[in-house]
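Per-entry structural report
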Number of protein chains: 4
Amino acid sequence: MNRDIYQEPLVSRYTSREMQELFSERTKFETWRRCWIALAEAQHELGLTDLVTPAMLDELRAHATDIDFEVAAAKEKEIRHDVMAHVYAYGLKCPTAEPIIHLGATSQFVGCNTDLLLQKKGLQLVKKSLVNVIANLAGFCRQHKDLATLGYTHYQAAQPTTVGKRNTLYIQDLLMDLDYIEHLESQVKARGAKGTVGTQATFIELFKGDHDKVRKMDELVAAKLGFGEVFAVTGQTYTRKLDMKTVETLAGIGASAHKFAVDLRLLSNLKVQEEPFEKNQVGSSAMAYKRNPMRSERMTGLARKLMGLVGNFGATYANQWFERTLDDSAIRRMDIPQAFLLTDAILKLFLNVSQGMVVYPKQIARHLAQELPFMATEKILMACVEKGRSRQEMHEVVKVHSVAAGKVVKEEGMENDLLTRLANDPAVPFSVQELKELVGDGSEFVGRAPQQTDEFLDEVVMPRLAQYKDILGGIDSALSV
Amino acid sequence: MNRDIYQEPLVSRYTSREMQELFSERTKFETWRRCWIALAEAQHELGLTDLVTPAMLDELRAHATDIDFEVAAAKEKEIRHDVMAHVYAYGLKCPTAEPIIHLGATSQFVGCNTDLLLQKKGLQLVKKSLVNVIANLAGFCRQHKDLATLGYTHYQAAQPTTVGKRNTLYIQDLLMDLDYIEHLESQVKARGAKGTVGTQATFIELFKGDHDKVRKMDELVAAKLGFGEVFAVTGQTYTRKLDMKTVETLAGIGASAHKFAVDLRLLSNLKVQEEPFEKNQVGSSAMAYKRNPMRSERMTGLARKLMGLVGNFGATYANQWFERTLDDSAIRRMDIPQAFLLTDAILKLFLNVSQGMVVYPKQIARHLAQELPFMATEKILMACVEKGRSRQEMHEVVKVHSVAAGKVVKEEGMENDLLTRLANDPAVPFSVQELKELVGDGSEFVGRAPQQTDEFLDEVVMPRLAQYKDILGGIDSALSV
Amino acid sequence: MNRDIYQEPLVSRYTSREMQELFSERTKFETWRRCWIALAEAQHELGLTDLVTPAMLDELRAHATDIDFEVAAAKEKEIRHDVMAHVYAYGLKCPTAEPIIHLGATSQFVGCNTDLLLQKKGLQLVKKSLVNVIANLAGFCRQHKDLATLGYTHYQAAQPTTVGKRNTLYIQDLLMDLDYIEHLESQVKARGAKGTVGTQATFIELFKGDHDKVRKMDELVAAKLGFGEVFAVTGQTYTRKLDMKTVETLAGIGASAHKFAVDLRLLSNLKVQEEPFEKNQVGSSAMAYKRNPMRSERMTGLARKLMGLVGNFGATYANQWFERTLDDSAIRRMDIPQAFLLTDAILKLFLNVSQGMVVYPKQIARHLAQELPFMATEKILMACVEKGRSRQEMHEVVKVHSVAAGKVVKEEGMENDLLTRLANDPAVPFSVQELKELVGDGSEFVGRAPQQTDEFLDEVVMPRLAQYKDILGGIDSALSV
Amino acid sequence: MNRDIYQEPLVSRYTSREMQELFSERTKFETWRRCWIALAEAQHELGLTDLVTPAMLDELRAHATDIDFEVAAAKEKEIRHDVMAHVYAYGLKCPTAEPIIHLGATSQFVGCNTDLLLQKKGLQLVKKSLVNVIANLAGFCRQHKDLATLGYTHYQAAQPTTVGKRNTLYIQDLLMDLDYIEHLESQVKARGAKGTVGTQATFIELFKGDHDKVRKMDELVAAKLGFGEVFAVTGQTYTRKLDMKTVETLAGIGASAHKFAVDLRLLSNLKVQEEPFEKNQVGSSAMAYKRNPMRSERMTGLARKLMGLVGNFGATYANQWFERTLDDSAIRRMDIPQAFLLTDAILKLFLNVSQGMVVYPKQIARHLAQELPFMATEKILMACVEKGRSRQEMHEVVKVHSVAAGKVVKEEGMENDLLTRLANDPAVPFSVQELKELVGDGSEFVGRAPQQTDEFLDEVVMPRLAQYKDILGGIDSALSV
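These numbers were taken from a predicted model, which means no experiment stands behind them.

**Some thoughts on the overall build of chain A**
Secondary structure summary: chain A contains 19 helices and four strands in total. In terms of overall size, chain A is more extended than a compact globule, its C-alpha atoms giving a radius of gyration of 31 Å where 481 residues would be expected to give roughly 23 Å. Projected onto the principal axes, the alpha-carbon positions of chain A cover approximately 105 × 50 × 40 Å. Taken across its 481 residues, chain A has 68% of its residues classed as buried. Sequence separation of 24 or more characterises 77% of the internal contacts of chain A that already satisfy a separation of 6 or more. Split by element, the accessible area of chain A, about 15,200 Å² in all, is 50% carbon and sulfur. The averaged location of the 63 negative side-chain charges in chain A is 2 Å from the averaged location of its 59 positive side-chain charges.

Here's what the structure looks like:
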């Protein structure tokens, strides 16, 4: 690591080796060669056998990965054109094939098709992590489906829910992300072989006006590169609208992770749920006992950055003029890798956190007990209504005493005396003891939370995970920092 | 119109009556009543016949739309709770049913389900406009599929394309928007009847522990309201992630419109293509002859605003704490209508512009003629290579003369003399006359643009439009300003 | 209120009448007339006395505010040009002056100068609210400067601070906002009288080539309208960069309010500090006792929206082509009022909340007591070091026991036993009693918080407020919802 | 360069060595040591002479820069705490001073103060480039102050301006950026020595309750580090609101550069003005003659990214909880360097382009001649009015003929015949010859553009540049790509 100049923290700190490699020069330039090989093969197969010979194809394939980076870099410095520089370097290795490398193609033939291939691969990596996060959370939900805990609205105690049920909400959101990835994959097509401004002018010349062959070449190149479809029409590049959709999809994962992480940071303050604590981690120099939710905090920040990238892609797409302007170049060069690397970093954290979350049932019970009399007001109210009291009137009675009891807690720092207050009110047709029985131990206030959790896991989550059973498990979720 | 206080321009200037009405108080509160009726009906149908009687249902249905807004507003002012205020106002009209209005429900039962219904309806309105824009552009593409015009990269003249082919690019992007709307529609589900924090606690009590009936009620309410599915799990509200996806989808349309509009503004400067000019429109006080592309400019600005809303929804979703916090309220109240109204305004403009675009073939030909010798350099180069010259060497020769000829045009304001220069160069094996023949009249440089246009329209666009034939046509695209 | 179409909630719900009026048609068109009067007066004063007569000036001044909106609207509908329509309507009232209304000017003469005047006035309104919020918070800080409370980092208990000290942080941020408003005010200049593309071509003709007079007219018009300076150069409009700075400045206030509001929502959960509760406010239909921090939540959401507007203005400015493109029109028409109205709404809430915040000292003390033994670890550690123990070693000892005690609290739901654990460790040279004395009652852990509060209020805040004593007080902070 | 993993393009391609070094690990950790030395010196000077001895100070100063990165990295890996790891590494070099390194301080003592110092230095680097861009443009304006050229509104030809005058608009915007940098510099203060949560608790203990000394230490440390002021109050960190302001300021430069670059790209299409062409630059593989405005396009894209960062900082600040949450860490670690590096890259391009812009006067004249009859309509109109015709009526006459002449140009591709049409209209009191004289050669339509340019340069720009004469010139504006 060079300590004398700035180093991108995404690479030096947060991401997986696989994703770092995906956006390396090596992967990029090797993919360029894959594109050139596919083009030559297609041209050969479609009848240009004199021009593109089997010997040339063999030569090209034999040198698919032995890139002399220094030669290419020196040539690029001279002619200031990266594609021609790599055509040159490839040609040095393939003297026979040299004249037909990149035949009829424009720079964006390798540029766009390579970008699209990297994104397809990137989406697969993302999907693998995402599916495993969902699996982790599904296990967590099942385990804690019955554990009653305070629900919160306005971050004020509301009716109880269960720990498992709450976590189904995160899963449902992540499944929406998964849906959108799958939908995006149906939108990612090859740019194919379209020529300078997308008209395939050089190719129709090459094939002497045979439109059918040019269309077939386009599709053949795409198929050889592993694409299911090819964009029907393009300008110089594939539509930058696709980039916008890609990053929106990734940012969706960021947003889901952000919501989860913020909730976990709040739970951590409440001392009811925590991310796993790494061995030897130092909380801070002064306060060793602290269990700071640092991974959740980091997820929050990384997700914020990821969500902040979306606007760039919208603006780039919306401001592309005609067949293409190059104001897309530098920003895509930075932001596409950043978007995937950020998603990777977030999911690495999410994997780590979701597989070891700690729950403190006794703290949960303590919080619940403090609020239970308040929790039960709706139930008490309905019981009063059943005894013939007017709902509107009882609403007021309960409200007055609740507010008073709330004041005792806040202003006196004393115990909740709501039930006593209610029992003493002549409008309430119950004794303290009856009210206590109504309140119960809390478990009955969770409604259908346990059942919802099971139903959701069985009917929604498991079938989705079953589709992805090949990529479940086997992920190293250790973090370097 | 009240001129003494601020008026929202989206309403006073840019949008359709239909969309304005969709986000009115009337629509909202009538939809609340639809929700209450559906709830009561479902409760009745699932066996609560003593509690919810046929007479009550009749009464509720009879007063589905006669809202006394003043009574509700006065009550809201008193108790500061809009849902209870409307329960009260409804109850005044339905004295028998009064005790069972909103039975077991929480405010978000009407809040969320109504929001979702409005969005579903809003998406239908958007889709209708979108499909008609696509149809307009498809007609335009077919008409101009052969008309050769300069292609541009870097906004510098590049190889020619055709007017029709260029416009297929906009259609392809709009079809992606259509795909995303359809995908979004598959994600929009009812919030259903879930109770305060989503646990259905009050309902399971109402149905004496019968889980099956509570599930059925949830689905029945959704079905009665016209939803195909119901969210499996919710907090107090449906997930705000859906809002994020909704506005991303709408903003996608904005981005497509933005790209189109900016291109049209550039074409307008080139005097080759224009939006239709409205009768009596005054260009500006001083320059009456100007044909200012004001609708395209307005589309640009409105689209920018629409795209700028996406981040709000991501941030709101990502910062929702637990089962719900109310920091979503004011911003959704403004931004959801704004997003739909902006989309509506943009599509109104797009409809208007796309059905009357003016093309000036003679100006197009003039531009083409100026650049044609440059255009043909690749062809000349390949012809030289066919005559046995080295590609690398000829590349340099052509470059030098092209640059020189470019200078003559720019620096002398004179005619392009590229062909003469090339013919005079001994390295070039052609006479001026031969070069002129190589250059031709330009039509042969468009490659497969006409064929691509036909193929795209026939194979991609027409099948999609056929799916929507019921909503094609019949839109009034007149603009008020 | 029209319930049949969408109504902008900013106006119908959240803002002050003053700000609503500022962005009304009435204010706008009256200001246009002020501009025309200033122009005519300046032309007269600089010697065009034959052309612009005293009688004309009298007539113009006499009809400065009697706008016939219907006449203007009808004319605009006919000629589709709002400025010429209002010139016409003014001319009907001023038959003598009619030929010289708008003499030599372009539409943006009234457009830009009016926008700038409204923004200047808007900034004054904002500043008044802002200064009063600061004053409210200053009083709160002074009152609670000594009240020890838990400090939080990672939202985990850290060393204590005081309630007053914490609130100085909000003030410091608001003072930065005030600085930026003042700096912005120094940047807001008149657009003046610059002509169609900013060259003053019509004016130099009007003044027969007298450059000095045209410059003077420019400055005179600006001065008459109340501007200190006039932009040295403009295109057709004043630079849209200024709009970007204006909205950044307003969004700064939004961000400060957002941080404050989120903290208050967390404090509200902790039951240690709350916004004032309005009489008759209904928490929710089901949970009457809840004290939901609804105003803080609303501040959060409104601030989010305000911050989200900044990007629009950057994009509009950055994409203005040459002397002006009209893609700025619709978006500015919506977003400038929105930015000011949102700021107004946020500050109304901030005023309301900041003047009645409720503090619960006994709850604060309870929280503090739970964490105090942990709080004191640094002090204990230093005491051990003073007794000759190695800092590194004691750091480890304290860490181990803190972690253990933390576990007891979380896992057992029991009391903190840290001091006992430490006293039992032979490495620690203190008894339990000695450790308890070290821990004390907490007040000594607040360091210089009380002193910092006083110093900051006396040295920084009071001098700033003294500058604004004329606008302190007298604001109605009641909220309609 | 490691080609196997992703490399940040900002570093590998676009930025100056100076800025890359500023955000290196070396600079960061050396600055930490500067902070520790300043702290120890201040403690010594304020009387802690027994604790902090002269020998210790000498030792610390002697090892200010000999950082053993490997030792620190290994320690950090072990204890997962970067500050303590560097305290350890420093201590190994300074065995005597080891116990008093970082005495009483918290991690953010080095963290925040270092960040602030780097930002101060970064602003100086930015300012140097910015001032030199302004100087380049000022020279360009002076040179072309008289050169008449078409002005554009709606990107349609409007009244002429001059090349020099148009470019004053960019300068005025950049001067606003300079104002905002200067204002920002007045807001950047030291975080100073404030302790864990900002209360200076450890320091007041260290100084045995002497408040005066702790305040003095705070200020002394700040002064030693080169700050003019110290933040009056802080939480654990300095307020993240400052970061928001910093990046807004940098993004302002991005926005100014964006507007300039987009205009230049349009001018390049018009062939009237271009960025300098680098030797050996290859336009594209197929079209060698093209002069693609690649640097302007790159400026556009980089500026878009820079502007897109602003929202991140607002969100981070607005979501900081209490004294600090660590969701700021990863995002600031990436985005602060990115913001400065992007600004640096943009200004490098701006410097390069602004010092060699090419103007083509003959092309400019050609464009002007095409539009001149249209340009003169206002003048003709006013001449008619002077001859007693009604302004309203002549407005209509001129409009009708202008529209007709415009049609001839667009629809027939023929010459503008406006003057003939007007002369033939009986309502117009001029012959063709008289009209031609009215139209003139165009120079008289530029109004005060030349004078405005001189006045602006003399009165506004030169005084500002004079303030910065020490940093004018001497910048290498060569680009590597």
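Read on, since the account is not over.
**Things to note about the interface of chain A and chain C**
The figure often quoted for interface size is the accessible area lost as the parts come together. Each partner contributes residues to the interface: chain A has 48 residues there, and chain C has 49 residues. Of the roughly 4,400 Å² buried where chain A meets chain C, counting both sides, 52% is carbon and sulfur surface. Along the contact surface separating chain A from chain C lie six salt bridges. A salt bridge links K271(A) to E371(C), with the shortest nitrogen-to-oxygen separation between them at 2.7 Å. Inspection of the chain A/chain C interface yields 14 residue pairs in polar contact (both at pLDDT 80 or more). Broken down by secondary-structure element, the contributors of at least two residues to the side of chain A that touches chain C are β1 (148-153), β2 (156-162), α11 (241-270), α12 (294-318), α14 (361-375), α15 (377-386) and α16 (391-412) of chain A. Counted by class, the side of chain A that touches chain C contains 18 nonpolar, 16 polar and 14 charged residues.

**Side note on the relation of the copies chain A and chain C**
Mapping between the two chain copies consists of a rotation about an axis together with a translation along that axis. Mapping chain A onto chain C calls for a rotation angle of 180° and an axial translation of 0.0 Å; the resulting RMSD is 0.1 Å. One copy is carried onto the other by what is essentially a two-fold rotation axis.

**Observations regarding the interface of chain B and chain A**
Counting residues at the interface gives 83 residues for chain B, matched by 83 residues for chain A. Of the roughly 7,600 Å² buried at the junction of chain B and chain A (both faces included), carbon and sulfur atoms supply 61%. Taken together, the connections running from chain B to chain A amount to eight salt bridges. As a salt-bridge pair, E459(B) and R215(A) come within 2.9 Å of each other at their nearest N and O atoms. For the interface between chain B and chain A, the tally reads 49 residue pairs in polar contact (both at pLDDT 80 or more). With 16 residues, the top contributor of residues to the side of chain B that touches chain A is helix α11 (residues 241-270) of chain B. Residues that form the side of chain B that touches chain A fall into these classes: 33 nonpolar, 30 polar and 20 charged.

**Re the relation of the copies chain B and chain A**
Overlaying chain B with chain A gives an RMSD of 0.0 Å, the required rotation being 180° about an axis along which the chain moves by 0.0 Å. Interface residue correspondence from chain B to chain A reaches 100%, placing this contact among same-surface, isologous pairings.

**Points about the side chain of D327(D)**
Mapped onto the elements of the fold, D327(D) is located in the loop between α12 (294-318) and α13 (329-354). A distance of 2.7 Å separates polar atoms of two side chains, one belonging to D327(D) and the other to R304(A). A distance of 2.6 Å separates the side chain of D327(D) from the side chain of T325(D), its partner in a polar contact. Not counting residues up to four positions away in its chain, the partners in contact with D327(D) are R265(A), E297(A), T300(A), G301(A), R304(A), N319(D) and Q320(D).

**What about the domain arrangement of chain A?**
For chain A, the assigned domains are domain 1 (19-100), domain 2 (107-278 + 290-363) and domain 3 (377-439). When each unit is reduced to the centre of its C-alpha atoms, the spacing between domain 2 of chain A and domain 3 of chain A is 49 Å.

**Details of the environment of A97(C)**
By the secondary structure assignment, A97(C) is in the loop between α6 (82-93) and α7 (107-143). With residues near it in sequence (within four places) discarded, A97(C) still touches M56(C), E59(C) and L60(C).

**Overview of unusual backbone geometry**
A negative phi angle is the norm for most residues apart from glycine, just as the trans form is the norm for most peptide bonds. Residue and element names in this part refer to chain A. In this model, H102 sits at a positive phi of 70°, which is unusual for a non-glycine residue. Residue position: H102 is located in the loop between α6 (82-93) and α7 (107-143). Relative accessible area serves as the criterion here: at 8%, H102 is assigned to the buried category.

**A closer look at the pairing of strand β1 (residues 148-153) of chain D**
All names here are of chain D. The element β1 is largely enclosed, with a buried count of six among its six residues. Sheet topology note: the β1/strand β2 (residues 156-162) ladder contains six bridges and is antiparallel. Within β2, the residue paired with Y152 across the bridge is A157.

**Describing the packing of helix α11 (residues 241-270) of chain C against helix α8 (residues 163-187) of chain D**
Close contact between α11(C) and α8(D) brings their axes to 10 Å; oriented N to C, the two are set at 25°. With respect to their mutual orientation, α11(C) and α8(D) come out roughly parallel. Taken together, the residues of α8(D) that come into contact with α11(C) (itself represented by K241(C), L242(C) and K245(C)) are D173(D), M176(D), D177(D) and Y180(D). Class assignment of the residues belonging to the contact of α11(C) with α8(D) gives a composition of three nonpolar, no polar and four charged.

**Looking at the pattern of salt bridges**
Residue and element names in this part refer to chain A. Tallied over the entire structure, the rule returns 159 salt bridges over all chains. A salt bridge links D179 to R464, with the shortest nitrogen-to-oxygen separation between them at 2.9 Å. With D179 in helix α8 (residues 163-187) and R464 in helix α19 (residues 449-467), this residue pair connects regions lying 285 residues apart in the sequence. On the basis of relative accessibility, which here comes to 23%, the residue D179 falls in the partly exposed class. Counted as one network, the salt bridges with shared partners bring together E41, E45, D58, R61 and K224.

**Side note on the nonpolar core**
Among the nonpolar cores identified, the biggest contains 643 residues, and I171(A), I171(B), I171(C) and I171(D) are the most heavily contacted of them. Look past the residues within four positions of I171(D) in its chain and what remains in contact with it is I134(D), L137(D), A138(D), C141(D), F456(D), L457(D) and V461(D).

**Brief notes about helix α12 (residues 294-318) of chain C**
Taking 1.5 Å of rise per residue, 25 residues should cover 36 Å, and α12(C) covers 38 Å from first to last C-alpha, within 8% of that figure. Across the 25 residues that make up α12(C), a large majority, 21, are buried.

**Focus on the side chain of N312(B)**
Within the fold, N312(B) resides in helix α12 (residues 294-318). On the accessibility criterion, N312(B) (5% relative accessible area) is buried. Within the structure, the side chain of N312(B) is placed 2.7 Å from the side chain of D335(B), a separation counted as a polar contact. Filtering out sequence-adjacent residues up to four positions away, N312(B) remains in contact with I331(B), D335(B), R304(C), K305(C) and G308(C).

**Points about the UniProt feature "domain: Adenylosuccinate lyase C-terminal" (unreviewed entry) in chain A**
Residues given the UniProt feature "domain: Adenylosuccinate lyase C-terminal" (unreviewed entry) here are residues 372-457 of chain A. Helix makes up 70% of residues 372-457 of chain A and strand 0%. Its end C-alpha atoms lie 28 Å apart.

**Observations concerning the packing of aromatic side chains**
As enumerated under the stated definition, the model contains 52 aromatic pairs over all chains in all. Consider the rings of Y170(D) and F260(D), whose centres lie 5.2 Å apart with planes at 90°: the pair is edge-to-face. Taken as a pair, Y170(D) in helix α8 and F260(D) in helix α11 (residues 241-270) lie far apart in primary sequence, 90 residues in all. Note on Y170(D): relative accessible area 5%, which makes it buried. Counting every residue linked through ring pairs, the aromatic cluster contains Y152(A), Y155(A), W321(B), F322(B), Y152(C), Y155(C), W321(D) and F322(D). Here K245(A) stacks its cationic end above the ring of Y180(B), 4.4 Å away from the centre of that ring.

**Topic: the environment of V247(D)**
Residues and elements named next belong to chain D. Checked against the element boundaries, V247 lands in helix α11. Classification of V247 as buried rests on a relative accessible area of 3%. Taking the C-alpha atoms as reference, V247 lies 9.5 Å from N312; in sequence the two are 65 residues apart. Each residue touching V247, except ones within four places of it in the same chain, is listed here: L309, V310, F313 and A339.

**A look at the state of the cysteines**
Taken as a whole, this structure holds zero disulfides over all chains when the rule is applied. The thiol sulfur of C112(A) is not disulfide-bonded, and the nearest other cysteine sulfur, from C35(A), lies at 10.0 Å. Looking at C94(C), it has no disulfide partner, and the nearest cysteine sulfur is the one in C35(C), 15 Å off.

Rules and cut-offs
Residues numbered from 1 in each chain as written. Chains lettered and ligands numbered in written order. Predicted model: local features only at pLDDT ≥ 70, side-chain atom pairs only at ≥ 80, totals over all residues. Heavy atoms only, no water. Helix = DSSP H or I, 4+ residues; strand = E, 2+ residues; numbered from the N terminus. Rg over C-alpha atoms; globule rule 2.2 N^0.38 Å. Buried < 20%, exposed > 50% of the residue type's maximum accessible area, 1.4 Å probe, protein only. Contact = heavy atoms within 4.5 Å. Areas by Shrake-Rupley, 256 points an atom, 1.4 Å probe, with all protein chains shown as cover. Lys, Arg positive; Asp, Glu negative; His and termini not counted. Charge placed at Lys NZ, Arg CZ, Asp CG, Glu CD. Buried area = accessible area lost by both parts, 1.4 Å probe. Salt bridge = Lys/Arg side-chain N within 4 Å of Asp/Glu carboxyl O. Polar contact = N/O pair within 3.5 Å; in protein donor to acceptor, adjacent residues only side chain to side chain. Nonpolar A, V, L, I, M, F, W, Y, C, P; charged D, E, K, R; others polar. Least-squares fit on C-alpha atoms with pLDDT ≥ 70 in both. Domains from an automatic or database assignment. Pairing = 2+ DSSP bridges. Axes fitted to C-alpha atoms, helices over the stretch in contact; angles between N-to-C directions. Parallel < 35°, antiparallel > 145°, perpendicular 65-115°, else oblique. Core = buried A, V, L, I, M, F, W, Y, C linked by side-chain atoms within 4.5 Å. Expected span 1.5 Å × (residues − 1). UniProt positions renumbered as here; feature names shortened; annotations may be inferred. Phe/Tyr/Trp six-rings, centres within 6.5 Å; stacked < 30°, edge-to-face > 60°. Lys NZ or Arg CZ within 6 Å of the ring centre and 35° of its normal. Disulfide = S-S within 2.5 Å.

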